[in-house]
Protein chains: 2
Amino acid sequence: MKLSDGVEWGVHACVLLAVLPADAALPAARLAEYHGVPSAYLAKHLQALARADVLETVKGPRGGYRLSRPATEITVLDVVEAIDGHEPAFRCTEIRRRGPSAAPVRDYRMPCGINRVFSGADDAWRAALAATTIADLVVGVVQDAPRAALDKAGRWLNDAIR
Amino acid sequence: MKLSDGVEWGVHACVLLAVLPADAALPAARLAEYHGVPSAYLAKHLQALARADVLETVKGPRGGYRLSRPATEITVLDVVEAIDGHEPAFRCTEIRRRGPSAAPVRDYRMPCGINRVFSGADDAWRAALAATTIADLVVGVVQDAPRAALDKAGRWLNDAIR
DNA sequence: GGAGTGATACTCGGATATCTGGTGTCCGAGTTTTCGCGG
DNA sequence: CCGCGAAAACTCGGACACCAGATATCCGAGTATCACTCC
């Protein structure tokens, strides 16, 4: 089980977009350049984020992507589900109903116990991701990142949205 | 992000093996027949479980697989990690250290904040899976499964380990 | 009848093909800007 | 100098190849069983 690399990129992109001045936007090419990732492929994931109403797009020159909501109202889970989909990691195939000891389908009232365990784990995973917002991550980055990196990032941003 | 189908099969197989009489074993072919899954492919996952010391193997006629420990001491997480590996779903590629605003590596003391969030979610997921043992699942199956299915399963088992 | 021995049948184990989904890329549709021109 | 308009440049958006890992399978290695033979 592995999470798509695009998820990591998407979260980082949202964090960067969160510190943009209001009404500014950043093109996919700039976001890719900033993070050192393939531009075209990052664009694919940004489109997914736009479809999920996490980002909104501005077309034409001076256009690009920006957050569609305040960073305090976008959770990490929102980003993950936008890119990775809403499917749970575990998909019960109801194999208990197969094989030589199966009973008629209508006799299985409760969901499979194994399914319940995995669903619970999935809920815990999602709850943990939903507890953190993009705004929280911004605070963390500002606290943890080296001063020099923050300065460089600020200058780069000013130049990018010029 | 999707969990391998083999994980589901492995858990079901362990549940069935948990109700075997002591010192009996069940071949991979029988386990596959019981669950209605491809025999050779299930065998692959059973081998992984054996390598992880969840199952032990008995070679030769009347041989097969059986639990290597009491079912109360095998958690669902043990089975999942044996088949799916110990890698966390999210692997931080440290993209914060790349791009035009990067700083020297030694300046990044703390793990990336994004990484911390996903690690926490992963821990919650694992904790939820570790909270349930195979023995617990057996109890659940006995409670939930239709009476007819349990009877059929009992007869089938007696015939299989004959 | 009992023990030894060889053959046998059955099991796991790892090495080997196939295929779906993630990875990576490209060019077309649409819009804002901007430059030029006329008033 | 100001307003209008057309061209242009820049952006997103979805459609198209490629590749790794999961899926599925097979045959060889090893061992307990069993039958047979000999004592």
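These numbers come from a predicted model, not from an experiment.

S.K.: So what about the environment of Glu81 of chain A? Which residues, and what values?
M.R.: Residues and elements named next belong to chain A. By secondary structure assignment, the location of Glu81 is in helix α4 (residues 76–84). Between the C-alpha atom of Glu81 and that of Leu150, which follows or precedes it by 69 residues, the distance is 29 Å. Other than its neighbours up to four places away in sequence, Glu81 contacts His86 and Arg126. A distance of 3.3 Å separates polar atoms of two side chains, one belonging to Glu81 and the other to His86. A polar contact of 2.8 Å, which involves the side chain of Glu81, links it to the side chain of Arg126.

S.K.: Tell me what's going on with the protein's contact with DNA strand D, and back it up with residues and numbers.
M.R.: Residues in contact with DNA strand D amount to 19 residues; listed here are only the nearest, Gln47, Arg51 and Tyr65 of chain A together with Ser4 and Tyr41 of chain B. The share of sugar and phosphate among atoms of DNA strand D within 4 Å of the protein is 63%. At a separation of 3.3 Å, a sugar or linking oxygen of DNA strand D approaches a polar backbone atom of Gly60 of chain A. The contact in question runs from a phosphate oxygen of DNA strand D to an N or O atom on the side chain of Tyr41 of chain B, over 2.7 Å. Of all elements in the fold, only α3 (39–51) and β2 (64–67) of chain A together with α1 (5–18) and α3 (39–51) of chain B reach the threshold of two or more residues within the surface near DNA strand D. It is α3 of chain B that provides the largest number of residues to the surface near DNA strand D, a total of three residues.

S.K.: I'd like a rundown of the nonpolar core, residues and numbers included.
M.R.: Counting 108 residues, the largest nonpolar core has Phe118 of chain A together with Phe118 of chain B as its most contacted members. If sequence neighbours within four positions are ignored, Phe118 of chain B has contacts with Leu3, Val7, Val11, Val76, Val80 and Leu129 of chain A together with Phe90 of chain B.

S.K.: Which residues make up the side chain of His12 of chain A, and what are the values?
M.R.: Considering the arrangement of structural elements, one finds His12 of chain A in helix α1 (residues 5–18). Relative accessible area serves as the criterion here: at 9%, His12 of chain A is assigned to the buried category. Discounting chain neighbours no more than four positions away, the residues touching His12 of chain A are His35 of chain A together with Ile95, Arg96, Cys112 and Ile114 of chain B.

S.K.: Summarise the interface of chain A and chain B; cite the residues concerned and give the values.
M.R.: At the junction of the two partners, chain A supplies 55 residues and chain B supplies 55 residues. Interface area, chain A with chain B, both sides summed: about 4,900 Å², of which 68% is carbon and sulfur. When the area that chain A buries against chain B is broken down by residue, the three leading residues are Met1, Glu8 and Ile95 of chain A, summing to 16%. The interface formed by chain A and chain B holds two salt bridges in total. Ionic pairing is found between Arg116 of chain B and Asp144 of chain A, a salt bridge with its closest N-O pair at 3.1 Å. Inspection of the region where chain A meets chain B yields 14 residue pairs in polar contact (both at pLDDT 80 or more). Contributions of two or more residues to the side of chain A that touches chain B are made by α1, α2 (28–35), α4, α5 (113–130), α6 (134–144) and α7 (147–160) of chain A. Take the side of chain A that touches chain B: its biggest share by element is eleven residues, from α5 of chain A. Looking at the side of chain A that touches chain B residue by residue, the class counts come to 34 nonpolar, eight polar and 13 charged.

S.K.: Describe the relation of the copies chain A and chain B, with residues and values.
M.R.: The operation relating the pair of chain copies consists of a rotation about an axis and a translation along that axis. For the pair chain A and chain B, the best superposition has an RMSD of 0.0 Å and corresponds to a rotation of 180° with a translation of 0.0 Å parallel to the axis. Taken together, the rotation and translation relating the two chain copies correspond to the operation of a two-fold axis. For chain A, the minimum C-alpha distance to the rotation axis belongs to Trp125 of chain A and amounts to 2.5 Å. A shared interface surface links the copies, since 100% of the contact residues of chain A are contact residues in chain B too.

S.K.: So what's going on with the packing of aromatic side chains? Residues and values would help.
M.R.: All names here are of chain B. Summed over the entire model, instances satisfying the criterion amount to six aromatic pairs over all chains. Seen in terms of ring centroids, Phe90 and Phe118 are 4.1 Å apart; in terms of plane orientation they differ by 10°. Their pairing is stacked. Taken together, the residues Phe90 in the loop between α4 (76–84) and α5 (113–130) and Phe118 in helix α5 connect sequence positions 28 residues apart. The burial state of Phe90 is the same as that of Phe118; both residues are buried.

S.K.: Before we move on, can you summarise the protein's contact with DNA strand C with the specific residues and values?
M.R.: Looking at DNA strand C, there are 18 residues lining it, with Ser4 and Tyr41 of chain A together with Gln47, Arg51 and Tyr65 of chain B nearest. For DNA strand C, the fraction of atoms within 4 Å of the protein that belong to sugar or phosphate moieties is 63%. Note that a base oxygen of DNA strand C is positioned 3.4 Å from one of the side-chain N or O atoms of Lys44 of chain A. A distance of 3.5 Å separates a phosphate oxygen of DNA strand C from a polar side-chain atom of Thr57 of chain B. Those elements that place two or more of their residues in the surface near DNA strand C are α1 and α3 of chain A together with α3 and β2 (64–67) of chain B. With three residues, α3 of chain A is the single largest residue contributor to the surface near DNA strand C.

The rules we used
Residues numbered from 1 in each chain as written. Chains lettered and ligands numbered in written order. Predicted model: local features only at pLDDT ≥ 70, side-chain atom pairs only at ≥ 80, totals over all residues. Heavy atoms only, no water. Helix = DSSP H or I, 4+ residues; strand = E, 2+ residues; numbered from the N terminus. Contact = heavy atoms within 4.5 Å. Polar contact = N/O pair within 3.5 Å; in protein donor to acceptor, adjacent residues only side chain to side chain. Near = heavy atom within 4 Å. Core = buried A, V, L, I, M, F, W, Y, C linked by side-chain atoms within 4.5 Å. Buried < 20%, exposed > 50% of the residue type's maximum accessible area, 1.4 Å probe, protein only. Buried area = accessible area lost by both parts, 1.4 Å probe. Salt bridge = Lys/Arg side-chain N within 4 Å of Asp/Glu carboxyl O. Nonpolar A, V, L, I, M, F, W, Y, C, P; charged D, E, K, R; others polar. Least-squares fit on C-alpha atoms with pLDDT ≥ 70 in both. Phe/Tyr/Trp six-rings, centres within 6.5 Å; stacked < 30°, edge-to-face > 60°.

Remember that the coordinates give geometry; whether it matters functionally is a separate question.
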